[in-house]
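One-letter residues, chain by chain:
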Amino acid sequence: QVQLVESGGGLVQAGGSLTLSCAASGRTFSRFTMGWFRQAPGKEREFVAGITSSDGSTYYVDSVKGRFTISRDNAKNTVNLQMNSLKPEDTAVYYCAASFRTAVYLNRYAYDYWGQGTQVTVSS
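Reading the values: the criteria
- Residues numbered from 1 in each chain as written.
- Predicted model: local features only at pLDDT ≥ 70, side-chain atom pairs only at ≥ 80, totals over all residues.
- Heavy atoms only, no water.
- Core = buried A, V, L, I, M, F, W, Y, C linked by side-chain atoms within 4.5 Å.
- Buried < 20%, exposed > 50% of the residue type's maximum accessible area, 1.4 Å probe, protein only.
- Helix = DSSP H or I, 4+ residues; strand = E, 2+ residues; numbered from the N terminus.
- Contact = heavy atoms within 4.5 Å.
- Disulfide = S-S within 2.5 Å.
- Lys, Arg positive; Asp, Glu negative; His and termini not counted.
- Salt bridge = Lys/Arg side-chain N within 4 Å of Asp/Glu carboxyl O.
- Polar contact = N/O pair within 3.5 Å; in protein donor to acceptor, adjacent residues only side chain to side chain.
- Phe/Tyr/Trp six-rings, centres within 6.5 Å; stacked < 30°, edge-to-face > 60°.
- Lys NZ or Arg CZ within 6 Å of the ring centre and 35° of its normal.

Enquirer: Talk me through the nonpolar core; I want residue IDs and the actual numbers.
Expert: The biggest cluster of nonpolar side chains holds 28 residues, and the ones touching the most others in it are Leu-4, Met-34, Trp-36, Val-79, Leu-81, Met-83 and Tyr-94. Secondary structure elements with two or more residues in this core: strand 1 (2-7), strand 3 (18-26), strand 4 (33-39), strand 5 (46-51), strand 7 (68-73), strand 8 (78-83), strand 9 (92-99) and strand 11 (118-123). Every residue in contact with Val-79, bar those within four places of it in the chain, is listed here: Leu-20, Ser-21, Cys-22, Phe-29, Met-34, Trp-36, Ile-51, Ile-70, Ser-71, Arg-72 and Cys-96. Counting residues in hydrophobic clusters, the runner-up holds six residues, among them Phe-37, Phe-47, Ala-97 and Ala-110.

Right, here's the structure in full:
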């Protein structure tokens, strides 16, 4: 079993920055591929960024490339999402997820554990 707890969400003006953190406990964190997803009201949960367990390769949805950076610290059992140049369309609940798979998948059903989510609101 893995427990994931997100933090760092909040209200920010467009163009601002936030850093989301996800703290993991339970199983061996370094073995999990980690992902960040988001869900806006009335929309499906979508993949935002992922980082592999093996070599730390990163992947991003096109809409956040160049603005968001995912990173992990296996010694601290954390994965972060640095978000810069935020836009109102980035407003959503952001979720941290862990997968047993070695590759990053965009499909939410490839992930085995989820956090409770943290709200990010970007005002225009």
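What follows picks up the thread again.
Enquirer: Go over the environment of Ser-54 with me, naming the residues and quoting the values.
Expert: Inspection of the secondary structure puts Ser-54 in the loop between strand 5 and strand 6 (58-60). Along the primary structure Ser-54 and Asn-77 are separated by 23 residues, whereas in three dimensions their C-alpha atoms are 15 Å apart.

Enquirer: Report on the state of the cysteines, specifying residues and quantitative values.
Expert: Taken as a whole and judged by the stated rule, the model has one disulfide. Here Cys-22 connects covalently by a disulfide to Cys-96, the sulfurs 2.1 Å from one another. Here the disulfide of Cys-22 and Cys-96 is left-handed, its torsion about the S-S bond being about -75°. Taken together, the positions of Cys-22 in strand 3 and Cys-96 in strand 9 put the pair 74 residues apart, joining distant regions of the chain. With respect to class, Cys-22 is no different from Cys-96; both count as buried.

Enquirer: Give me the lowdown on the side chain of Arg-45, citing residues and values where you can.
Expert: For Arg-45, the location among the structural elements is in the loop between strand 4 and strand 5. Of the buried charged residues, Arg-45 lacks a salt bridge, with Glu-6 as the closest side chain of opposite charge at 7.5 Å. At 3.2 Å, the side chain of Arg-45 forms a polar contact with the side chain of Gln-39. Apart from residues lying up to four places away in sequence, Arg-45 is in contact with Phe-37, Arg-38, Gln-39, Tyr-95, Arg-108 and Trp-114.

Enquirer: Run through the pattern of salt bridges, naming residues and quoting values.
Expert: If you walk through the whole model with that rule in mind, you get five salt bridges. Glu-46 is paired through a salt bridge with Arg-38; the nearest N and O atoms lie 2.6 Å apart. What you see here is one network of salt bridges that share partners, running through Arg-38, Glu-46, Arg-67 and Asp-90.

Enquirer: How would you sum up the packing of aromatic side chains? Please name residues and give values.
Expert: Here the distance between the centres and the angle between the planes together describe a pair of aromatic rings. Following the criterion strictly, the structure yields eight aromatic pairs and no others. Here the aromatic rings of Phe-32 and Tyr-113 are separated by 6.0 Å at their centres, their planes lie at 80°, and the arrangement is edge-to-face. Of the two residues, Phe-32 is situated in the loop between strand 3 and strand 4 and Tyr-113 in strand 10 (residues 113-114); the sequence distance between them amounts to 81 residues. Side by side, Phe-32 and Tyr-113 carry an identical accessibility label, which is buried. When the ring centre of Tyr-95 is taken as origin, the NZ or CZ atom of Arg-45, which lies over that ring, is 3.7 Å away. The cationic tip of Arg-108 hangs over the ring face of Tyr-109; the distance from NZ or CZ to the ring centre is 5.3 Å.

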